[in-house]
Amino acid sequence: MSSAEESIALAPRLAVPTRPARPLSTWGLFRVGLKNTLATCDEELFEELFVARRFVWGRLFIVSDPEGIKRVLQDNVDNYPRVDAIRRVFEFGSGTGMLSAEGETWRRHRLTLNPTLDHRAVVGETPKLIALAQQFADHLAAVPAGVAINVGEAFTHLLTRTTGQVFAGDDPAIDEMVQHMGHYPGRYGFLDWIPLPGWMRFVDRYRKSRREARELHPLLERLIEARRDERYAGERDLLWRLSQARHRQTGEVLPLAELEDEALTLGSTSVTSLQVYSWLWYLLAAHPWAEAKLHSELETVLVDRVPSPADLPRLVYLRRLVDEAMRLYPPLPIMIRRAAADDTVCGHPIPRRSYVAVMPWVVHRHRKLWPDADRFDPDRFTPDQVAARSRYAYLPFSVGPHICIGMALAIAEILATMAVLAQRFRFRLAPGTRVEPVAWTSLRPGAGLMMTVEPRAHAE
């Protein structure tokens, strides 16, 4: 056995919530799920590719079969709109944005805005991402030796500045939007699942989200109208691209109010990619052999210089690390849909109005889809391994028409940041740190992730 194989064989047990041995009751599902949706996933879900359950509120089908996922999220996607409760949560903060819109509104927005965040658009942002990562590295260098920091909180500063810079260049006013919307919607509550009309939504967080969104609209209106003015001579940032975007078929731009909602939507989803950093540093700290391999690649590709945009595609092992981190700890851990009409998935009838769940947390750890599924192994993402696997077995940003519009930007930001920081630092878990994955709308370390930051020159 090689040293690498020995290291893999002795790999530590990774943080996962305790899995119930048997399916939970209706009450158990609500009681446990409102604290952590991942803790509701019992052992059967990781063994069977299609699971049917009955609860007081209706039937639930958990689909992990790649062909079934393709049916639900791509081939017959219009039959599986998002659950009303989840749409309501986002609607209070982002109105007609793509996280709450369905049907023709969603389709019109998607066709209009797709080009603003595709790979070609993101390439131009990469130098900015690298420069911001360097500034953040200088900030980390000032942390005293041995002092533990909460990685998620520390990266909030980087995320806010990065999102603000990509959105509106050097205009600091946009940071306020990112800070407000990046913490929304947070944790679900029991009342989220009760279909009350909007005027009866008296819960504090709904009042707060409506008020904060309303307060941000004048800012967005000013920024968008400036960018729609033919005399605008400023930077052609993301907000400029959003303002100028036209529907592929009709050539129409989005109305101002709808465009503001989409800007708020992008602000509220920006926090999702932030959590990937916590899991990446946690996994590297737990697997020194992978960290050493990453350092070797950085030294070979970059030597001792700052990465350039052209370098990022050459960091193939770093990309495998990112993909494996998002397999084990997917940013979007669960997607719930409701059948609009009767359908058949994997040979099983799906009655109208029943619930269908596609859970990346389960799919990515399913024993019939991934050998030794709970083990960390970046080589699952070599070209041969990827080609041999269904594309519907890996969906960290969803798949099909509803795939995350900001995926290309998120990947570019993660690669740029990791390349810059891993050149200079190691992150180590602080003694006594308890790592617990917790999920509501996104997956995060429940009590934070306390780590020390070690300069690599000092460590070696």
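Residues numbered from 1 in each chain as written. Predicted model: local features only at pLDDT ≥ 70, side-chain atom pairs only at ≥ 80, totals over all residues. Heavy atoms only, no water.

Draft legend 1. Main features of the overall build of the protein. For the protein, the count of helices and strands is 18 helices and 11 strands. Scored against the burial criterion, the 460 residues of the protein give a buried share of 55%. Entry remark: accessible area of the protein is about 20400 Å², with carbon and sulfur atoms responsible for 54%. (Helix = DSSP H or I, 4+ residues; strand = E, 2+ residues; numbered from the N terminus. Buried < 20%, exposed > 50% of the residue type's maximum accessible area, 1.4 Å probe, protein only. Areas by Shrake-Rupley, 256 points an atom, 1.4 Å probe, with all protein chains shown as cover.)

Draft legend 2. Region of interest: the side chain of Thr 40. Along the chain, the position of Thr 40 falls in the loop between helix H2 (26-33) and strand E1 (50-55). Its relative accessible area of 14% is what places Thr 40 among the buried residues. Beyond its immediate stretch of four places on either side in the chain, Thr 40 contacts Pro 20, Leu 24, Leu 29, Val 32 and Gly 33. (Contact = heavy atoms within 4.5 Å.)

Draft legend 3. View of the sheet that holds strand E3 (residues 148-150). With antiparallel pairing, 3 strands are arranged side by side in an open sheet as E3-E11-E8. Strands at the two margins of the open sheet, each flanked by one partner only, are E3 and strand E8 (425-429). Put simply, the sheet's adjacent strands are angled 45 degrees from each other on average, direction ignored. Sheet analysis places E3 next to strand E11 (residues 450-455), joined by 3 bridges and oriented antiparallel. Bridge pairing links Asn 150 to Met 450 in E11. (Pairing = 2+ DSSP bridges. Axes fitted to C-alpha atoms, helices over the stretch in contact; angles between N-to-C directions.)

Draft legend 4. Up close: the packing of helix H14 (residues 316-328) against helix H17 (residues 407-424). Running from N to C, H14 and H17 cross one another at 120 degrees; their axes reach a closest spacing of 10 Å. Considered as vectors, H14 and H17 are oriented oblique to each other. Of the two elements, H14 crosses H17, and the hand of that crossing is right-handed. In this structure, H14 contributes Leu 318, Arg 319, Val 322 and Met 326 to the contact, and H17 contributes Ile 411, Ile 414, Leu 415, Met 418 and Ala 419. Of the residues that constitute the contact of H14 with H17, the class distribution is 8 nonpolar, no polar and 1 charged. (Parallel < 35°, antiparallel > 145°, perpendicular 65-115°, else oblique. Left-handed = near helix turned anticlockwise from the far one by under 90°. Nonpolar A, V, L, I, M, F, W, Y, C, P; charged D, E, K, R; others polar.)

Draft legend 5. View of the pattern of salt bridges. Here the structure, examined in full by the defined rule, presents 31 salt bridges. The partner of Glu 104 in a salt bridge is Arg 107, with the nearest N and O atoms 3.7 Å apart. You can see Glu 104 and its partner Arg 107 sitting in helix H5 (residues 103-113), 3 residues apart, about one turn around the helix. For Glu 104, a relative accessible area of 52% puts it in the exposed group. (Salt bridge = Lys/Arg side-chain N within 4 Å of Asp/Glu carboxyl O.)

Draft legend 6. Layout of the sheet that holds strand E4 (residues 335-338). Spatially, 4 strands are ordered E1-E2-E7-E4 in an open sheet, and the strand pairing comes out mixed. Edge strands, defined here as strands with exactly one partner in the open sheet, are E1 and E4. Shown here is a sheet whose adjacent strand axes are inclined to one another by a mean of 25 degrees, direction ignored. For E1 and strand E2 (residues 58-63), the ladder comprises 6 bridges, and the chain directions are antiparallel. If you follow Ala 52 over to E2, its bridge partner there is Phe 61. Lying on the sheet, helix H3 (residues 66-75) is in contact with E2, E4 and strand E7 (355-358); it crosses E7 at an angle near 115 degrees.

Draft legend 7. Summary view of the nonpolar core. In terms of nonpolar packing, the biggest core is built from 127 residues, with Trp 281 and Tyr 329 touching the most fellow members. Ranked by residues supplied to this core, first place goes to helix H12 (residues 256-286) with 13 residues. (Core = buried A, V, L, I, M, F, W, Y, C linked by side-chain atoms within 4.5 Å.)

Draft legend 8. Focus on the environment of Asp 75. Tracing the backbone shows Asp 75 in helix H3. On the accessibility criterion, Asp 75 (44% relative accessible area) is partly exposed. When the C-alpha positions of Asp 75 and Pro 401 are compared, they lie 9.4 Å apart, and in sequence the two are 326 residues distant. Polar side-chain contacts of Asp 75 include one of 2.7 Å to the side chain of Lys 70. (Polar contact = N/O pair within 3.5 Å; in protein donor to acceptor, adjacent residues only side chain to side chain.)

Draft legend 9. Seen up close, the packing of aromatic side chains. Overall, the coordinates contain 14 aromatic pairs when judged by the stated rule. With 5.8 Å between their ring centres and 40 degrees between their planes, Phe 50 and Phe 61 make a pair best called tilted. Highlighted residues: Phe 50 in strand E1 and Phe 61 in strand E2, separated in sequence by 11 residues. Taken as a pair, Phe 50 and Phe 61 share a single burial class, namely buried. Ring pairs connect the aromatic residues Trp 279, Tyr 282, Tyr 329 and Trp 361, which therefore count as one cluster. Across from the ring centre of Phe 46, 3.7 Å away, lies the NZ or CZ of Arg 19, which sits over that ring. A cation over a ring is seen here: Arg 365 above Tyr 329, with NZ or CZ 5.3 Å from the ring centre. (Phe/Tyr/Trp six-rings, centres within 6.5 Å; stacked < 30°, edge-to-face > 60°. Lys NZ or Arg CZ within 6 Å of the ring centre and 35° of its normal.)

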